[in-house]
Amino acid sequence: MRPYPHPRVLLATLAVALLGTVVSAQPGRAQTVTVVRTRDLAIPMSSGGELYADLYRPAVDGVPRTRLPTIVVYFPYRKDDPSRFEREALARFAEAGFAGLLVDIRGTGASPGEFGMSSRREVRDGYDAVEWAARQPWSDGRVGMWGYSYPGNMAALVAALRPPHLRAIVPASSYNDPYRDLFYPGGMQASEDSGLVGWLAFHALVRPGPEASPDRAAASTLDVATYPGSLGPLVEGPAHRLFDDFWRERALRAERIRVPALFWSGWDDVYPRAAALGYLTTGSRHKALVLGPWGHLGGAGDEPLELLLADSVRWFDVFLRTPDPRRMRAKLARIPPVRVFDVDASRAATFGPWPGAWRSYRSWPPPHRDAVLALCGPDDGAPALETPWPIRGTLVATCVGDAATPGRGVPVEPTGGAADTPAAGPGVAPSPNNDPKRRSLPAAAAAFLGPILEESATVTGSVSVRLWAVSQGTDADWVVRLVDVGPETTRLISRGWLRASHRRQDPRRGYLWHTHDREEPVVPGEPYRLDVEIWPSSYRLPAGHRLGLLVQSADTRKVLSQNGAITSRLLVGPSHPSMLFVPVRTDDRAKSLVQ
């Protein structure tokens, strides 16, 4: 069931309502509306130099319209590359009655200079581009920013600087914090999806393009020696293993954002955590969150892109072209503050290959009760199940009879992700960036299974697990997976990562937050506690299924383990209460899980 009509139908309806595909100026005469593109507008920067941009506008009988609300896309992927979907997006915004400005970031595409990945100067350039656009005769002074992935992050970072003419943003599938979201999840260095190879491919996309004039191309550099204003995370990131000033410069301070913000991502994306946290922490009075069934690049094509464009047009219509407060409130009332897709293994595929249904809520996370499940020791009486891993323990409300002996533990072998095996499950094809929820399950892991559910239970929000452990060395890497164990298939729900020496938390925040600003080694052989954040999800476990937790000491598909050879043991039972905290939505009874 969709919460509104098909996105392509909705977008077309909005375009007709806001602009009109045919405008009648005289009786008996129809005027045709088209989209015109003006190339290579030069935008002066306060720090020196110029950026180049293309302008997309609706035109009546070939005459471009003026004084339009304006949407800026500030991106590094070459505005003249015909394969970029941003060009289609800007044309669609123009069809809906907006002016769209596609801006090449300094040192990329047609813009000369030095590319400075997420540096202060790069963000300030975006501020200048917004204010320049607001002063042009084709703009009415009301500006929004839109972007997918890197440009989405730019929209949020620029909004945090508070340009006077910026009125709304849509950061889609973008990171907030490159340390936690990309390079060091849980304090562990990322491997395939955010490692050197992936970022070299990224920088191959942002090099100056053939469309740049010889003098511009000669003036464009990818400086690897200076800071700030360098390749930054690619070159210098491995030297900054802690969250220091280098990473703070590039991290979003969402509380500084005051303009309306629509955060948009997918469960199989690299950034569902970033979108949910951006929504929770933004200083915006008006905000919305969409989390759907797609991966990072999958969200930029076909039906997900149509949905994103429809959501974006509605958002910008409210805040860029509806000055009357009463009409604005009426339009905003039709936009759900939170819309999520429940993955549901018991349903038929409803969105591409994904089974499930859309749900709308007033807040994130939706109303829920926390199920607190203890990790108990091995249960020799557990039924045999078809799983890729041996059963090591159970998830129940209270452990009974197995924890009288202090130090009783479940061994966690340092096998890493090399033994991963494919698992049948929902999702799109793996993205080239290796989305963090890659659908695989480890063949070697400490596995804990909950009771068979008598009623369905929907887990929506961020799960966390508190582990007590001992290690042979002064550090240990921990990877946890939340899984749905059904009678016939086992599916991955979500994952989390944490290095033991990075277990320090910031208690001033209202959610689980590791500081990552110092290392605190563990004492070999002594118990220690760590709380692991499992990235957000919305997953409905049908009746007859079990909730499972898998624990490993490494995960080479996502992170590079530097402590993979260290054997660790999980401590279980009342003397060392390792526990799983699961937000269960209150619209499911789930008695067998929450009682």
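Residues numbered from 1 in each chain as written. Predicted model: local features only at pLDDT ≥ 70, side-chain atom pairs only at ≥ 80, totals over all residues. Heavy atoms only, no water.

Caption draft 1: Fine view of the overall build of the protein chain. When you go through the protein chain residue by residue, the secondary structure sums to 13 helices and 26 strands. In the protein chain, which comprises 595 residues, the share counted as buried stands at 62%. The long-range fraction of contacts in the protein chain, counting pairs at least 24 apart against all pairs at least 6 apart in sequence, stands at 76%. With the model as given, the accessible surface of the protein chain reaches about 22,100 Å², and the carbon-plus-sulfur share is 54%. (Helix = DSSP H or I, 4+ residues; strand = E, 2+ residues; numbered from the N terminus. Buried < 20%, exposed > 50% of the residue type's maximum accessible area, 1.4 Å probe, protein only. Contact = heavy atoms within 4.5 Å. Areas by Shrake-Rupley, 256 points an atom, 1.4 Å probe, with all protein chains shown as cover.)

Caption draft 2: Spotlight on helix 4 (residues 150-161). A rise of 1.5 Å per residue sets the reference length of helix 4, with its twelve residues, at 16 Å; its end C-alpha atoms lie 17 Å apart and thus fit the reference within 8%. Where burial is concerned, most of helix 4 is hidden: eleven out of the twelve residues are buried. Taken residue by residue, helix 4 has Tyr150, Pro151, Gly152, Asn153, Met154, Ala155, Ala156, Leu157, Val158, Ala159 and Ala160 as its buried positions. In the segment just after helix 4, Arg162 is the residue with positive phi, at about 60°. (Expected span 1.5 Å × (residues − 1).)

Caption draft 3: Summary view of helix 3 (residues 120-134). Between its terminal C-alpha atoms helix 3 stretches 22 Å, which fits the 21 Å expected from 15 residues at 1.5 Å a residue. Along helix 3, twelve of the 15 residues are buried, which leaves the element largely enclosed by surrounding structure. Taken as a whole, helix 3 has its buried residues at Glu122, Val123, Asp125, Gly126, Tyr127, Asp128, Ala129, Val130, Glu131, Trp132, Ala133 and Ala134.

Caption draft 4: Expanded view of the state of the cysteines. Tallied over the entire structure, the rule returns one disulfide. Disulfide partner of Cys376: Cys399, at an S-S distance of 2.1 Å. Between Cys376 and Cys399 the disulfide shows an S-S torsion of about -100°. By sign, it is left-handed. Here Cys399 lies in the loop between strand 15 (391-396) and strand 16 (409-412) and Cys376 lies in strand 14 (residues 368-376), a separation of 23 residues in the sequence. Residue classification places Cys399 among the buried residues on the basis of a relative accessible area of 9%. (Disulfide = S-S within 2.5 Å.)

Caption draft 5: Local environment of the packing of aromatic side chains. Summed over the entire model, instances satisfying the criterion amount to 25 aromatic pairs. Seen from their ring centres, Phe183 and Trp247 are 5.4 Å apart, and the 40° between their planes marks the pair as tilted. Within this pair, whereas Phe183 is found in helix 5 (residues 178-183), its partner Trp247 is found in helix 9 (residues 245-250), the two being separated by 64 residues in sequence. Phe183 gets classed as buried once you look at its relative accessible area, which sits at 8%. Relative to Trp358, the ring of Phe341 has its centre 5.5 Å away and its plane inclined at 80°; by these criteria the two rings are edge-to-face. Placement of the pair is Phe341 in strand 11 (residues 338-344) and Trp358 in strand 13 (residues 354-361), with a sequence separation of 17 residues. Taken individually, Phe341 and Trp358 each receive the classification buried, so the pair is uniform in this respect. The residue whose ring lies beneath Arg124 is Tyr127, and the NZ or CZ to ring-centre distance is 4.0 Å. In this structure, Arg321 packs its charged tip against the face of Phe98, placed 5.1 Å from the ring centre. (Phe/Tyr/Trp six-rings, centres within 6.5 Å; stacked < 30°, edge-to-face > 60°. Lys NZ or Arg CZ within 6 Å of the ring centre and 35° of its normal.)

Caption draft 6: How the structure looks around the pairing of strand 21 (residues 477-485). Counting buried residues along strand 21, nine of its nine residues qualify, which places the element largely inside the surrounding structure. By the alternation rule, side chains of strand 21 split into Asp477, Val479, Arg481, Val483 and Val485 and Trp478, Val480, Leu482 and Asp484, which are all buried. Remark: four residues form the turn of the hairpin made by strand 21 and strand 22 (residues 490-499), two consecutive strands paired antiparallel. In terms of strand pairing, strand 21 meets strand 24 (residues 546-552) through seven bridges, oriented antiparallel. Bridged to Val485 within strand 24 is Arg546. (Pairing = 2+ DSSP bridges.)

Caption draft 7: Spatial organisation of the nonpolar core. Core analysis: the largest hydrophobic core is formed by 138 residues, its most contacted members being Leu101, Trp146, Leu467, Trp478 and Leu580. A total of ten residues in this core trace back to one element, the largest contributor, which is helix 11 (residues 302-320). Counting nine residues, the second largest nonpolar core, distinct from the first, contains Trp389, Leu441, Leu449 and Leu492. (Core = buried A, V, L, I, M, F, W, Y, C linked by side-chain atoms within 4.5 Å.)

Caption draft 8: Highlighting the pattern of salt bridges. Within this structure, the stated rule accounts for 33 salt bridges. When the shortest N-O distance is used, the salt bridge between Glu533 and Arg273 registers 3.2 Å. Separated by 260 residues along the polypeptide, Glu533 in strand 23 (residues 528-541) and Arg273 in helix 10 (residues 272-281) bring together distant segments of the chain. Classification of Arg273 as buried rests on a relative accessible area of 8%. (Salt bridge = Lys/Arg side-chain N within 4 Å of Asp/Glu carboxyl O.)

Caption draft 9: Structural detail: the confidence of the model for the protein chain. Confidence along the protein chain averages 81 in pLDDT terms, with 77% of residues attaining 70 or more. Below a pLDDT of 50 lies the segment residues 415-436, which in the model reaches 73 contacts outside its immediate sequence neighbourhood of four places, other chains included. (pLDDT = per-residue confidence, 0-100.)

Caption draft 10: Region of interest: unusual backbone geometry. Along the chain, Trp364 connects to Pro365 via a cis peptide bond; the corresponding omega equals -10°. Along the chain, Pro365 turns up in the loop between strand 13 and strand 14. Unlike most non-glycine residues, Asp40 shows phi in positive territory, near 55°. Inspection of the secondary structure assignment puts Asp40 in strand 2 (residues 29-44). For Asp40, a relative accessible area of 29% translates into the label partly exposed.

Caption draft 11: Looking closely at the packing of helix 3 against helix 4. As a packed pair, helix 3 and helix 4 sit with axes 9 Å apart at the nearest point and diverge in direction by 80°. When the axes of helix 3 and helix 4 are compared, the pair comes out roughly perpendicular. Taking contact as the criterion, the partners of Glu122, Val123, Arg124, Gly126, Tyr127 and Val130 in helix 3 are, on helix 4, Tyr150, Met154, Leu157, Val158 and Leu161. Among the residues forming the contact of helix 3 with helix 4, the class breakdown is eight nonpolar, one polar and two charged. (Axes fitted to C-alpha atoms, helices over the stretch in contact; angles between N-to-C directions. Parallel < 35°, antiparallel > 145°, perpendicular 65-115°, else oblique. Nonpolar A, V, L, I, M, F, W, Y, C, P; charged D, E, K, R; others polar.)

Caption draft 12: The packing of helix 11 against helix 12 (residues 325-332), seen in detail. Close contact between helix 11 and helix 12 brings their axes to 9 Å; oriented N to C, the two are set at 160°. By the angle between their directions, the pair helix 11 and helix 12 is classed as roughly antiparallel. In terms of crossing hand, the pair formed by helix 11 and helix 12 is left-handed. Residues Trp315, Asp317, Val318 and Phe319 of helix 11 form the contact with helix 12, whose participating residues are Met328, Lys331 and Leu332. (Left-handed = near helix turned anticlockwise from the far one by under 90°.)

Caption draft 13: Summary view of the environment of Tyr74. Checked against the element boundaries, Tyr74 lands in strand 5 (residues 68-75). Sequence separation between Tyr74 and Val123 is 49 residues, and the spatial gap between their C-alpha atoms is 9.7 Å. Residue contacts for Tyr74: discarding those within four places in its chain leaves Leu51, Val103, Ile105, Glu122, Asp125, Gly126, Met145, Pro151 and Met154. Polar contacts involving the side chain of Tyr74 include one to the main-chain carbonyl oxygen of Glu122, which spans 2.6 Å. (Polar contact = N/O pair within 3.5 Å; in protein donor to acceptor, adjacent residues only side chain to side chain.)

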